[in-house]
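# Coordinate analysis (summary)
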Amino acid sequence: METITLNVEGMTCGGCVKSVTRILENTDGVTKAEVSLENKNAVIEFDAAKTNADALVEAIEDGGFDASR
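Owing to the predicted nature of the structure, the values given are computational and were not obtained by experimental measurement.

Our next topic: the overall build of the protein chain. Counting secondary structure elements, the protein chain contains two helices and four strands. Against the compact-globule benchmark of 11 Å for 69 residues, the protein chain has a radius of gyration of 11 Å, which places it among compact chains. With the C-alpha coordinates of the protein chain rotated into their principal frame, the extents come out at 30 × 20 × 20 Å. Burial status across the protein chain gives 39% buried among its 69 residues. In the protein chain, once contacts between residues fewer than 6 apart in sequence are set aside, the share between residues at least 24 apart is 59%. Carbon and sulfur atoms make up 41% of the accessible area of the protein chain, which amounts to about 4,000 Å² in all.

Inspection of the secondary structure puts Asn 41 in strand β3 (residues 41-46). Once you skip the residues sitting within four places of it in the chain, Asn 41 turns out to touch Thr 5, Leu 6, Asn 7, Val 8, Met 11, Glu 34, Val 35 and Ser 36.

This part takes up the environment of Thr 21. With respect to the helices, strands and loops of the structure, Thr 21 is situated in helix α1 (residues 14-25). With relative accessibility at 17%, the residue Thr 21 sits in the buried group. Ignoring anything within four residues of it in the chain, the contact list for Thr 21 reads Ala 33 and Val 35.

As judged from the six bridges shared by strand β1 (residues 2-9) and β3, these two strands associate in the antiparallel manner. Following the sheet pairing, Leu 6 is matched in β3 by Ala 42. Bridge count between β1 and strand β4 (residues 66-68): three bridges; the pairing is antiparallel. Bridge pairing links Val 8 to Ala 67 in β4.

Within the largest apolar cluster, 20 residues are counted, with the highest numbers of intra-cluster contacts made by Met 11, Val 20, Leu 24, Ile 44, Leu 56 and Ile 60. Within the residue set of this core, elements represented by two or more residues are β1, α1, β2 (30-36), β3 and α2 (53-62).

Our focus in this paragraph is unusual backbone geometry. With glycine set apart, most residues show a phi of negative sign, and most peptide bonds adopt trans. Not every positive phi belongs to a glycine, and Lys 40 is a case in point at roughly 55 degrees. On the secondary structure map, Lys 40 appears in the loop between β2 and β3.

According to UniProt, the positions carrying the feature "domain: HMA" (unreviewed entry) are residues 2-68. Strand forms 36% of residues 2-68 and helix 33%; the C-alpha atoms that close the span are 17 Å apart.

Here is what the cut-offs are and how they apply
Residues numbered from 1 in each chain as written. Predicted model: local features only at pLDDT ≥ 70, side-chain atom pairs only at ≥ 80, totals over all residues. Heavy atoms only, no water. Helix = DSSP H or I, 4+ residues; strand = E, 2+ residues; numbered from the N terminus. Rg over C-alpha atoms; globule rule 2.2 N^0.38 Å. Buried < 20%, exposed > 50% of the residue type's maximum accessible area, 1.4 Å probe, protein only. Contact = heavy atoms within 4.5 Å. Areas by Shrake-Rupley, 256 points an atom, 1.4 Å probe, with all protein chains shown as cover. Pairing = 2+ DSSP bridges. Core = buried A, V, L, I, M, F, W, Y, C linked by side-chain atoms within 4.5 Å. UniProt positions renumbered as here; feature names shortened; annotations may be inferred.

Laid out in structure tokens, this is it:
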């Protein structure tokens with residue numbers, strides 16, 4: 001398992017946090033996602049054999065938020 005922290009912009013409320021969390025948890029290979037509105041980031045634990053950082057960024061951006069490493 002690998003852990004990565006991504007910066008997430010565009011979240012304004014708890015609903016946004018839940019949306020980003022749901023997006024990440026529904027991504028194949030993600031085992032855990034902790035999203036913080038206060039820190040504007042997401043700490044994601046994932047299986048590198050099933051997904052990668054670029055795919056996680058893309059998943060967040062497809063959900064309408066801006067993400068970067």
